[in-house]
Every structure is written in C-alpha cells, then in structure tokens.
Amino acid sequence: MVYTEKRCWVCNAVITWGQSDTACKVQCRSLLYAESYRIERHKEESYRKNRPCRLQLGEWAETLRHYKWRCAFCKGPFESLDHFVPVSQGGATRVGNVVPACLQCQIAKGGLLPEEVEAIPRDVIERIARYLQRRAMPQTGKSLPVSRKS
Ligand SMILES: [Zn+2]
Ligand SMILES: [Zn+2]
C-alpha cells in the first residue's frame, strides 16, 4: 500500500496526523476559509448572471500556490480573483480563466480581452495564458469560455 502524504492547500507543507485534510495550521485554514467564501460569492454572482461557475476550492488553491499567493501579473499583493477573460466578455468562473491579482492590475486590465490589454507587458499576459491553458486541459481541453448571448 502506498501512503500518499497530504499537503497543505495553502503552503504545501506536509499535513501530519490529526490536522485537517486541507490545511496544516490555523493560519492556512483561515486563508482557505476566506477563499471558499470568495468562491461562494462568485458562484452567487454567476448564478445571478446565469453564467457557469465551476471553480473548486482545491483548483483555486493550486493556482494560488502556483502564483505564491501573489498577483499573477505584477507579483504584488493578491487582493482579488481576476477573470483573465472578463465576465463581461464571456469569461467563466472556472480554473482555466481565473488568476489572483492586485487591484491595480485589475484596474489596468479593465474589461479588456487579454489580447487587448496594453497596460500589462505582453510576455506576462502570454505566460498567464499558457498556464491557464494547461490548467484547463484535464477537464475539457478548452480554456476559453463560450461566447455570451447578449
Ligand atoms: Zn499550510
Ligand atoms: Zn498586480
């Protein structure tokens, strides 16, 4: 039998016996709790707008670890969940379309499609696009959402 060690969803430390399944310590647990609350809010918003929301906490936590809980664009503080393709442009709340961002970068992006954004260096945008494409693969093979009706 192979024993697979459990890793903290926040800091990737090994979780020892008796701790939770997903967090290694109280700080990590409260960070995860805040993120699950964030996803719930996005779920409600998607529901109101009749948009798909398939983001799981585990998937989001993996993306956050990848970007070290920093802004994916400038490595500044992580303050918000950014839809790489904006919701207003048909972007869905799913693992292939969400990255952590600081508010400044979110404002810089505005409601633009990634290829239209000029305030953020092109190589940064392309690196994120490649990462999101990879993340979207195991699920549907598509990173970009379907076009909206209106
Ligand atoms: Zn931890
Ligand atoms: Zn930023």
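Residues numbered from 1 in each chain as written. Chains lettered and ligands numbered in written order. Predicted model: local features only at pLDDT ≥ 70, side-chain atom pairs only at ≥ 80, totals over all residues. Heavy atoms only, no water.

- For the chain, an unreviewed UniProt entry supplies the name HNH nuclease domain-containing protein and the organism Dictyobacter formicarum.

1. Digging into the coordination of the zinc ion (ligand 1)
Next up, step 1: Every protein donor of the zinc ion (ligand 1) is accounted for by C8 (SG), C11 (SG), C24 (SG) and C28 (SG), and the metal-donor separations fall at 2.3 to 2.4 Å.
Next up, step 2: The site at the zinc ion (ligand 1) holds four donor atoms, and with the angles between them running 97 to 116 degrees, its shape is tetrahedral.
Next up, step 3: Considered as a linear motif, the donors of the zinc ion (ligand 1) on their single chain read C-x2-C-x12-C-x3-C. Taken together, the positions of C11 in the segment before α1 (26-48) and C24 in the segment before α1 put the pair 13 residues apart, joining distant regions of the chain.
Next up, step 4: What makes C11 partly exposed here is its relative accessible area of 36%. (Donors = N, O, S within 2.8 Å, 3.2 Å for Na, K, Ca; no water. Tetrahedral: all angles 85-135°; square planar, octahedral: opposite > 155°, others 65-115°. Helix = DSSP H or I, 4+ residues; strand = E, 2+ residues; numbered from the N terminus. Buried < 20%, exposed > 50% of the residue type's maximum accessible area, 1.4 Å probe, protein only.)

2. Thoughts on the pairing of strand β1 (residues 80-83)
Next up, step 1: With burial as the criterion, each face of β1 is covered, one bearing S80 and D82 and the other bearing L81 and H83.
Next up, step 2: Bridge analysis of β1 against strand β2 (residues 98-101) gives four bridges, and the strand direction is antiparallel. If you follow H83 over to β2, its bridge partner there is V98. (Pairing = 2+ DSSP bridges.)

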